[in-house]
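What follows is each chain in one-letter form.
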Amino acid sequence: MRHRRILVKLSGEAMAGSDGFGLNLTAIEKYATDFSGAVRSGAQLAIVVGGGNFFRGYTGASSNLPRAGADSIGMLATMMNTLALREVLTSLGVDAEAMSSVPMPSVCQTFNRVQALAAIERGTVVICGGGTGNPFVTTDTAAVLRAAELECNAVYKGTQVDGVYSADPREDESAKRFDRIDFDHVIREDLKVMDLAAIALAREAAMPIVVFDIHKPDALTTILAGRGICTEVVPRADA
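Residues numbered from 1 in each chain as written. Predicted model: local features only at pLDDT ≥ 70, side-chain atom pairs only at ≥ 80, totals over all residues. Heavy atoms only, no water.

S.K.: Just to check I follow, could you spell out the pairing of strand β3 (residues 96-100) for this structure?
M.R.: It is a general feature of regular strands that their side chains alternate between the two faces of the sheet. Burial within β3 is extensive, with 5 of its 5 residues counted as buried. Across the two faces of β3 the burial is the same, with Ala96, Ala98 and Ser100 and Glu97 and Met99 all buried. Bridge count for β3 against strand β5 (residues 125-129) is 5 bridges, and the pairing is parallel. Bridge pairing in β5 places Ala98 opposite Ile127. Sheet analysis places β3 next to strand β4 (residues 109-110), joined by 2 bridges and oriented parallel. Within the sheet, the bridge partner assigned to Met99 lies in β4 and is Gln109. (Buried < 20%, exposed > 50% of the residue type's maximum accessible area, 1.4 Å probe, protein only. Helix = DSSP H or I, 4+ residues; strand = E, 2+ residues; numbered from the N terminus. Pairing = 2+ DSSP bridges.)

See the structure below:
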């Protein structure tokens, strides 16, 4: 197994599937089945889900809706995705627990590092919603933060493409895909792996980031087994 304890960053857009907005339960069940396979193979799993399929704070901000308020709405959007993923995982027989950075005790537990660690160690999938609970911080940064707190070996970012490219491969046929790349290269070339704050935090924590195509069948299980195509972002390219 490439890494035993991982945190998966799943975008809100992925939760919408081909619909482009809201929850696509067919797509969510596909991801959940893949995650279930990873757990059965021995992986310990935490997940952070974005909220862009409902509301994205920085694009929703306006003169009438300041960024701080827009980000609060975005945090609630992530919680809808978090709860949906928990329910689908549970329906597949996976022990899953939702935790929120924003206290909402009637819905789920508030995130607690000690409790989350204990849950992961007993084989429960811990889904962390609500971002960091603070505005002006993306769910990418929240994912790296939670991965560091939960002593994960790596962050696995499920995207629309099969790795990190020198340019958008959907727009530039000459774009080069990297098998392995270091954080300094990502920052220097402004490659769109995660936002700069997330990359800086991952570099400081020496937390590898594995970028893979979430839409491929059994995507996570395959990458964890050392097969399939992905890009690993590491502290040093020769590490």
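S.K.: Even after reading the chapter, I still don't get the pairing of β5, so can you show me in this structure?
M.R.: The buried count for β5 comes to 5 of 5 residues, which makes it a mostly enclosed element. Sheet topology places strand β2 (residues 44-49) next to β5; 3 bridges connect them, and they run parallel. Each residue of the ladder has a partner; that of Ala46, found in β5, is Val126.

S.K.: Would you take a moment to explain the packing of helix α6 (residues 139-149) against helix α8 (residues 196-205) for this structure?
M.R.: Any two packed helices are characterised by how steeply their axes cross, that is the angle between the axes, and by the distance between the axes. Where α6 contacts α8, the two axes come as close as 8 Å, and the packing angle between them is 15°. Taken as axis vectors, α6 and α8 run roughly parallel relative to one another. Both α6 and α8 take part in a crossing whose hand is left-handed. Where α6 approaches α8, its residues Asp140, Thr141, Val144, Leu145 and Ala148 are matched on the opposing element by Ala197, Ala198, Leu201, Ala202 and Ala205. (Axes fitted to C-alpha atoms, helices over the stretch in contact; angles between N-to-C directions. Parallel < 35°, antiparallel > 145°, perpendicular 65-115°, else oblique. Left-handed = near helix turned anticlockwise from the far one by under 90°. Contact = heavy atoms within 4.5 Å.)

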